[in-house]
Amino acid sequence: MKKLLTAACAVLFATLIQAQQNQGKVTYGRTVKLQFSFAGMPGGMEQQMPTTRTDKFELTFGNNQSLWKAAEQENEDDGFSGNNGGMQIRMMVAGSNDVMYTNFETGKKVERRELFDKTFIVDDTISKLKWKMTGETKTILDHNCMKATAVRFSKRTSMNMDNGVMTRKEIDDTSNIVAWFASDIPVSAGPSEFQGQLPGLILELSVKDGDQVYTALSLSDKPDLSVIKEPSGKKRYTPEEFRQEREKMMKEMNRNNQGGRQVI
């Protein structure tokens, strides 16, 4: 009798393992809080600017790999457009054609980044955060999710407009990260750069106390895995080389904008 029970438990365990979803496609909504500083500019400009922006992204995962990219937007002109005191202001979506490929088995990450009509292929590796499990749970898209938190130390670029001149400065940045991952989808994938982080698919993620929030809107278990391909290109860049190229291009743009109509 004991042997029969042991065999039955083994069969049940194997069935549960097989039933777990290990491939799929997630559509995420992202909401970003926007902050602007226009020192020395005409009064009332800051009140005209939007406070948040929303867009959508797609994550396809399977075979220990994932591909992250922007989804087709319902309204390409989503944002703010206006003219104030000779300055033309347009909210434009940066990185709408960017793609991120991740291989969870090798720890490799490859990004295709587009900047000012130039394409960069950036080779990198997964950088894991130190996560803490809180024991809290909630249901997202009918999946039981567990809460985990982490702190990310990085650098970010601060942009300000002072008397019509855009200034950029790199500053230290500390972000509190809160993630909710599905315990029944044992795939270490998630939104944006948060790949290879947790033992389950991240369905909701908050960065810096809600300054940036990703929420899973839909989840399919029948993805087109053929789209998961590593971006290719003749010239490859390291993250540091890409950062240096980006700085050069931003300085050139700033020089070209000085002395005439400013476009942000």
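Please read all numbers here as calculations on a predicted model, not as lab measurements.

## Considering the confidence of the model for the protein
- Taken residue by residue, the protein gives an average pLDDT of 81. The fraction at 70 or more is 69%.
- Low confidence marks residues 4-18, where pLDDT is under 50. Its contacts with residues over four positions away, or in another chain, come to zero contacts.
- Segment residues 259-264 is flagged for pLDDT under 50; beyond a separation of four residues in sequence, or across chains, it makes 18 contacts in the model.

## Points about the side chain of Gln21
- Considering the arrangement of structural elements, one finds Gln21 in the loop between α1 (2-19) and β1 (24-33).
- A polar atom in the side chain of Gln21 sits 3.3 Å from the backbone oxygen of Ser220.

## Topic: the pairing of strand β9 (residues 118-125)
- Pairing geometry for strand β8 (residues 108-115) and β9, over eight bridges, is antiparallel. The partner of Glu111 across the bridge, within β9, is Val122.
- Of the strand pairs in this sheet, β9 and strand β15 (residues 236-237) are connected by two bridges, and their pairing is parallel. Each bridged residue has a counterpart across the sheet, and for Val122 the counterpart in β15 is Tyr237.

## A look at the packing of aromatic side chains
- The final tally for this structure, using the stated rule, is six aromatic pairs.
- Ring centres of Phe120 and Phe242 lie 5.2 Å apart, and the angle between their planes is 70°; on these two criteria the pair is classed as edge-to-face. In this pair, Phe120 is assigned in strand β9 and Phe242 in helix α3 (residues 239-257), connecting sequence segments 122 residues apart. Take Phe120 and Phe242: they sit in the same class, and that class is buried.
- The positively charged end of Lys138 is found above the aromatic ring belonging to Trp180, 4.6 Å away from the centroid.
- Between Lys235 and the ring centre of Tyr237, over which it is positioned, the NZ or CZ distance is 4.9 Å.

## So, the environment of Asp124
- Here Asp124 lies in strand β9.
- Look at Asp124 and you get partly exposed, because its relative accessible area is 27%.
- Here the alpha-carbon distance between Asp124 and Pro239, two residues 115 residues apart in the chain, equals 6.7 Å.
- Excluding anything up to four places from it in sequence, Asp124 contacts Lys108, Lys109 and Pro239.

## Considerations on the environment of Leu205
- Assignment of secondary structure puts Leu205 in strand β13 (residues 201-207).
- Among the residues examined, Leu205 registers a relative accessible area of 0% and is labelled buried.
- Residues Leu205 and Pro191 lie 14 residues apart in sequence; the distance between their C-alpha atoms is 7.7 Å.
- When near neighbours in sequence (up to four residues on either side) are disregarded, Leu205 contacts Ile177, Val178, Ala179, Pro191, Phe194, Gln212, Val213 and Tyr214.

## What about the pairing of strand β14 (residues 212-220)?
- Bridge count for β1 against β14 is eight bridges, and the pairing is antiparallel. When the bridges of β14 are listed, Lys25 appears paired with Ser220.
- Summarising the sheet, β13 and β14 pair through four bridges and their orientation is antiparallel. Across the sheet, the residue bridging to Leu205 is Tyr214, located in β14.
- The hairpin formed by β13 and β14 contains four residues between the paired strands, and Lys208 there has a positive phi angle of roughly 55°.

Here is what the cut-offs are and how they apply
- Residues numbered from 1 in each chain as written.
- Predicted model: local features only at pLDDT ≥ 70, side-chain atom pairs only at ≥ 80, totals over all residues.
- Heavy atoms only, no water.
- pLDDT = per-residue confidence, 0-100.
- Contact = heavy atoms within 4.5 Å.
- Helix = DSSP H or I, 4+ residues; strand = E, 2+ residues; numbered from the N terminus.
- Polar contact = N/O pair within 3.5 Å; in protein donor to acceptor, adjacent residues only side chain to side chain.
- Pairing = 2+ DSSP bridges.
- Phe/Tyr/Trp six-rings, centres within 6.5 Å; stacked < 30°, edge-to-face > 60°.
- Buried < 20%, exposed > 50% of the residue type's maximum accessible area, 1.4 Å probe, protein only.
- Lys NZ or Arg CZ within 6 Å of the ring centre and 35° of its normal.

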